[in-house]
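Understanding the architecture of this molecule
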Amino acid sequence: MHYLYLPPLFGVLFFLYIRALDRHSSFAFFVIVVLLIIAETAKGYLLLSTLFFYTVSYFLILPRIKSIVSCHLCLNAIIVLLAYVGYWAFTALFANMFALPLPQLDFKVIFYMMIEFFLVGLL
């Protein structure tokens with residue numbers, strides 16, 4: 001059963017993933033990996049796809065974004081946007097490469113991003 005107004009917290013988990021890697025916290029990293037695996041299985045995503053996307057984003061995309069953006073709140077909004085839209089693009093790329101069904105991006109994602117932007121702002 002999927003709840004419409006309960007976000008999957010991909011943006012918050014991505015923010016906490018970045019924080020765990022920046023602080024070299026292995027316990028926090030392990031907890032986040034377990035939470036990502038649970039979220040993937042609950043939503044029916046490919047196993048470890050979010051972990052792979054977050055790692056690629058952390059090492060390749062995020063350093064370039066951090067060098068351009070100096071506003072802390074703007075960076076948090078970009079992190080949440082990257083977690084949702086970037087992950088959708090990432091899974092769409094894999095869907096085209098491996099002949100899988102294309103992921104759906106619907107109106108609920110905008111609602112989820114707004115909720116998670118406020119949650120990340122509180123962290």
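Keep in mind that this is a model prediction, so the values were computed, not measured.

All right, on to a nonpolar patch on the surface then. Together, Phe27, Phe30, Val31, Val34, Leu35 and Ile38 make up an exposed nonpolar region whose accessible area comes to about 580 Å². Mapped onto the secondary structure, Phe30 falls in helix H2 (residues 26-43).

In this model helix H4 (residues 72-98) runs 38 Å from its N-terminal to its C-terminal C-alpha over 27 residues, within 8% of the 39 Å that 1.5 Å per residue would give. Largest kink in H4: about 30 degrees, centred on Leu82. Ala99 sits one or two residues past H4 and shows a positive phi near 55 degrees.

Looking now at unusual backbone geometry. Glycine aside, negative phi is the norm for most residues, and most peptide bonds take the trans geometry. A positive phi angle, near 55 degrees, is found at His24, a position not held by glycine. Structurally, His24 is set in the loop between helix H1 (10-23) and H2. In this structure, Ala99 takes a positive phi of about 55 degrees despite not being glycine. Mapped onto the fold, Ala99 is located in the loop between H4 and helix H5 (108-122). Using a relative accessible area of 73% as the deciding quantity, one classes Ala99 as exposed.

Moving on, we get to the pattern of salt bridges. The full count for this structure, using the stated rule, is one salt bridge. Close ionic contact of Lys66 with Asp22 constitutes a salt bridge, the shortest N to O distance being 3.6 Å. Here Asp22 lies in helix H1 and Lys66 lies in helix H3 (residues 49-68), a separation of 44 residues in the sequence.

All right, on to the packing of aromatic side chains then. In this structure the tally under the stated criterion is 17 aromatic pairs. Ring plane angle 40 degrees and centroid distance 5.8 Å describe the contact between Phe10 and Tyr45, whose orientation is recorded as tilted. Of this pair, Phe10 sits in helix H1 while Tyr45 sits in the loop between H2 and H3, placing them 35 residues apart in sequence. Each ring, one from Phe94 and one from Phe98, has its centre 5.7 Å from the other, and the planes form 20 degrees; the classification is stacked. In this pair, Phe94 and Phe98 both sit in helix H4, four residues apart, roughly one turn of the helix.

What counts and how
- Residues numbered from 1 in each chain as written.
- Predicted model: local features only at pLDDT ≥ 70, side-chain atom pairs only at ≥ 80, totals over all residues.
- Heavy atoms only, no water.
- Patch = residues over 30% accessible without salt bridge, like charges linked within 9 Å, V, L, I, M, F, W, Y side chains within 5 Å.
- Areas by Shrake-Rupley, 256 points an atom, 1.4 Å probe, with all protein chains shown as cover.
- Salt bridge = Lys/Arg side-chain N within 4 Å of Asp/Glu carboxyl O.
- Helix = DSSP H or I, 4+ residues; strand = E, 2+ residues; numbered from the N terminus.
- Expected span 1.5 Å × (residues − 1).
- Bend = angle between axes of the 7 residues up to and from the residue.
- Buried < 20%, exposed > 50% of the residue type's maximum accessible area, 1.4 Å probe, protein only.
- Phe/Tyr/Trp six-rings, centres within 6.5 Å; stacked < 30°, edge-to-face > 60°.

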